[in-house]
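Coordinate analysis (summary)
Residue strings, one per chain:
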Amino acid sequence: MQPTNKQDEFLSLIDQHKGAIIKVSSLYTRRKEEKDDLFQEIIIQLWKAWPNFKGQSKVSTWLYRIALNTAISGLRKKKTSVIYIDGQDLPHIADSDDHKEKEEKLKSLYDAIHQLPEIDRAIVLLYLEDKSYEEMEDILGINQGTLRVKMNRAKEKLKKTIQTMAYGA
Amino acid sequence: MKTLWQQQGNENVPQDIQPILKKNSNGPVAKMKRNLRYELWVVIVAYGIASIYFFVAEEGLLSSLGWVYVILGFLFVYYFIRKYRLLNSMECMSCQVKANLSRQVTVLEKYVFWYEIAGTAIIPLFAIYTFWYLVPKLRYMNGKPDLNNNYTLFWIVGTILFTILFYYLNRCYVNKLYGKHIKKLKLMLEQMDDQ
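Residues numbered from 1 in each chain as written. Chains lettered and ligands numbered in written order. Predicted model: local features only at pLDDT ≥ 70, side-chain atom pairs only at ≥ 80, totals over all residues. Heavy atoms only, no water.

A word on the overall build of chain A
Cut-off, in case you're wondering: The helix count covers DSSP runs of H or I at least four residues long, the strand count covers runs of E at least two residues long, and both are numbered beginning at the N terminus. Relative accessibility under 20% of the residue-type maximum defines a buried residue, over 50% an exposed one, and the middle range a partly exposed one, all with a 1.4 Å probe and only protein chains included. Whether two residues touch is decided by their heavy atoms; if any such pair falls within 4.5 Å, the residues are in contact. Here the Shrake-Rupley method, with its probe set to 1.4 Å, supplies the accessible areas, and only the displayed protein chains count as covering residues.
Counting its regular elements, chain A contains seven helices and zero strands. Put simply, chain A runs from its N terminus to its C terminus through helices and strands in the order α-α-α-α-α-α-α. A burial count over chain A gives 51% of its 169 residues as buried. Pairs at least 24 residues apart make up 64% of the contacts formed inside chain A by residues separated by at least 6 positions. For chain A, the accessible surface area stands at approximately 8600 Å², while carbon and sulfur atoms represent 48% of it.

Shown next, in the form of structure tokens:
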């Protein structure tokens, strides 16, 4: 059934893209309360910007811009130590024979991404979401050459961090 | 990495989005706008009461002071409108991330500049108002003679010293409010350009 008004349209859009919003919230916060707050703030900003969205860009591009702008430019207290994320606060992997092992790996991945600077986190997120470098440039405003260099560096850092965490465990 | 990432589900999503749409933003710019509105109301009420007092006190002999407060009140309202407009232009959430960050830095630095100017200018304006207008008027009403040159020198030197002191105090205060955030935004912009 077609949405009957603007709010229904918006809610339908959020339903399609809530996974992306959850991932942004998880990557830029450390605790469940902060994650819920950031999730709400992103929804509020999307709702404010919705009347002005006339299809000038792809919906996903528009949505990621707002979500990342909200997450990155919000005032937050500076972290003083590395806090590892509680696995219960992360999105879960669908049940399968090895889902426990995959969830552990996913937790390690989130922990490692959390140790990157905010801009690198955004680049890694968009890479993992299978965005092309062209789309990433459109969302972030960083040219593709710089994005490729930064992504390669981020991959190296992530590998080292995950290995360190695995040996340290 | 990508395969693992894309296998994530959405079970932890809050189910009811609709109530969120009725809430106010808790973002930094929204908070600054709310604080500014509270400050504006405090100024309107305080200056309004002061003006009314001076208009009615001493059977209207101090009404000129009442007008001074009315004018100062309008100047404050203009100052608040300028700041509010700056806040409105500070964010462009649907712009590219780099463009939004650049805009925030530029506008926040202008905002801080106006804050510092207003906080510093208030001292010499207050000194001029007190020494050149209020004190002679009150002395005249009480039948006292005009102030001599030693007092004039005292007021000028005192005004200069207090202006300098308040300039640095104001800068420390504004830096405490916004300095860290501006530095953080600039650092992120550097990260974007850094290869």
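A closer look at empty space enclosed by the protein
Residues and elements named next belong to chain B. Formally: Throughout, the protein atoms alone are placed on a 1 Å grid, and a set of points is a cavity if a 1.4 Å probe fits but cannot get out or a pocket if it is open with protein on both sides within 12 Å along at least five of seven lines; lining residues have an atom within 4 Å of a point. Grid points are joined across faces, edges and corners, and a volume is the space filled by probe spheres set on the points.
On inspection of all chains with the given rule, the structure shows two cavities of 30 Å³ or more. Approximately 60 Å³ is the volume attributed to the largest cavity. For the largest cavity, the lining is made up of ten residues, of which P28, M32, M90, L108 and H181 are closest to its centre. Listing elements by their share of the lining of the largest cavity, those giving two or more residues are helix 2 (28–56), helix 4 (97–141) and helix 5 (149–193).

A look at the packing of aromatic side chains
What counts here: Note on aromatic contacts: the rings of Phe and Tyr and the six-membered ring of Trp form a pair at centre separations within 6.5 Å, being stacked when their planes are under 30 degrees apart, edge-to-face when over 60 apart, and tilted otherwise.
Considering all chains together, one arrives at 21 aromatic pairs over all chains under this definition. With 5.0 Å between their ring centres and 55° between their planes, F10(A) and W47(A) make a pair best called tilted. Taken together, the residues F10(A) in helix 1 (residues 6–28) and W47(A) in helix 2 (residues 32–49) connect sequence positions 37 residues apart. An aromatic cluster is built from Y47(B), Y53(B), F54(B), Y69(B), F76(B), Y79(B) and F80(B), whose rings are joined through pairwise contacts.

A closer look at the nonpolar core
To keep it simple, the criterion reads: Buried Ala, Val, Leu, Ile, Met, Phe, Trp, Tyr and Cys residues form a nonpolar core when they are joined through side-chain atoms within 4.5 Å.
L68(A) and L140(A) are the most contacted members of the largest nonpolar core, which has 81 residues in total. If we skip the residues at most four places from it in the chain, L68(A) touches V24(A), Y28(A), S73(A), A122(A), L125(A), L126(A), I139(A), L140(A) and V97(B). Core analysis: the second largest hydrophobic core is formed by eight residues, A50(B), F54(B), L62(B) and Y69(B) among them.

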